[in-house]
Amino acid sequence: MKTKKFDLKRVEYMPNELENGILYVAEEFGAAAHLCACGCGEKIRTPLGPTEWRLEVSRQGPSLTPSIGNWQKPCRSHYWIRHGIVAWASEWTEKQVLAGRSAEEERRRAYYEDKEIEKDAEKEVKMGFWHAAWEALRSLFNGK
Ligand SMILES: [Zn+2]
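What comes next concerns the included structure. (Residues numbered from 1 in each chain as written. Predicted model: local features only at pLDDT ≥ 70, side-chain atom pairs only at ≥ 80, totals over all residues. Heavy atoms only, no water.)

1. Structural notes on the overall build of the protein chain
In plain terms, the rule: Numbering of helices and strands starts at the N terminus; helices are DSSP runs of H or I of at least 4 residues and strands are runs of E of at least 2. Residue contacts follow a heavy-atom distance rule, with two residues in contact if any of their heavy atoms lie within 4.5 Å. Values of accessible area rely on a 1.4 Å probe in the Shrake-Rupley scheme; residue burial ignores everything except the protein chains shown.
Counting its secondary structure elements, the protein chain contains two helices and eight strands. Residue pairs at least 24 apart in sequence account for 33% of intrachain contacts in the protein chain once pairs closer than 6 positions are excluded. With the model as given, the accessible surface of the protein chain reaches about 10,200 Å², and the carbon-plus-sulfur share is 55%.

The structure is reproduced here in structure tokens:
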């Protein structure tokens, strides 16, 4: 039976046995897991972190970003958990799976590149603070 709703359960350690319809989160370890929403009983791990999944909790329930694509599992389920509600995507084709994977790699790469850019920007800020401040002021007055 398909799971329609997920409730958040914060745990210290991830239990070995998971229950249907519960999104377990061990925040300290950046770990989240649930049983596949299709009902196949597969344990789905969605590590939390800047290059992994992002967890948001609203009054209605937990949301995970991005979507959950269980292409390594036999069921190949693909769904979102949004405010505790499961939203299904159509099954992934092989092509989409590959595209999804490279999108994920792209996301990771972009993240680390951003980090590099941030570092460079930090250096620039330290070195050229007064220059940057002057530029900012000037552009303000120029209305650019
Ligand atoms: Zn499944």
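Following the structure, the description resumes.
2. Notes on the coordination of the zinc ion
Using the following cut-off: Coordinating N, O and S atoms are those within 2.8 Å of the metal (3.2 Å for Na, K and Ca), and as water is not part of the atoms, a site may appear to have fewer donors than expected. Geometry assignment treats four donors as tetrahedral when all angles are between 85 and 135 degrees, treats four as square planar and six as octahedral when opposite donors are over 155 degrees apart and all others between 65 and 115, and treats everything else as irregular. Buried means the residue's accessible area, taken with a 1.4 Å probe over protein chains only, is under 20% of the maximum for its type, while exposed means over 50%, and partly exposed covers the values in between.
Coordination of the zinc ion by the protein involves Cys36 (SG), Cys38 (SG), Cys40 (SG) and Cys75 (SG), with metal-donor separations of 2.2 to 2.3 Å. Here the zinc ion binds four donor atoms, and the angle range of 102 to 115 degrees at the metal identifies the geometry as tetrahedral. The sequence pattern describing where the donors of the zinc ion fall on their chain is C-x1-C-x1-C-x34-C. Residue Cys40 is classed as partly exposed on the basis of its relative accessible area of 37%.

3. Remarks on the packing of aromatic side chains
What counts here: Here the aromatic set is Phe, Tyr and Trp, taking the six-membered ring for Trp, and pairing holds for ring centres within 6.5 Å; pairs whose planes are under 30 degrees apart are stacked, those over 60 apart are edge-to-face, and all others are tilted.
Applying the stated criterion across every chain, the model contains two aromatic pairs. Taking the centre distance of 5.1 Å and the plane angle of 55 degrees together, the rings of Tyr79 and Trp88 count as tilted. Relative accessible area serves as the criterion here: at 33%, Trp88 is assigned to the partly exposed category.

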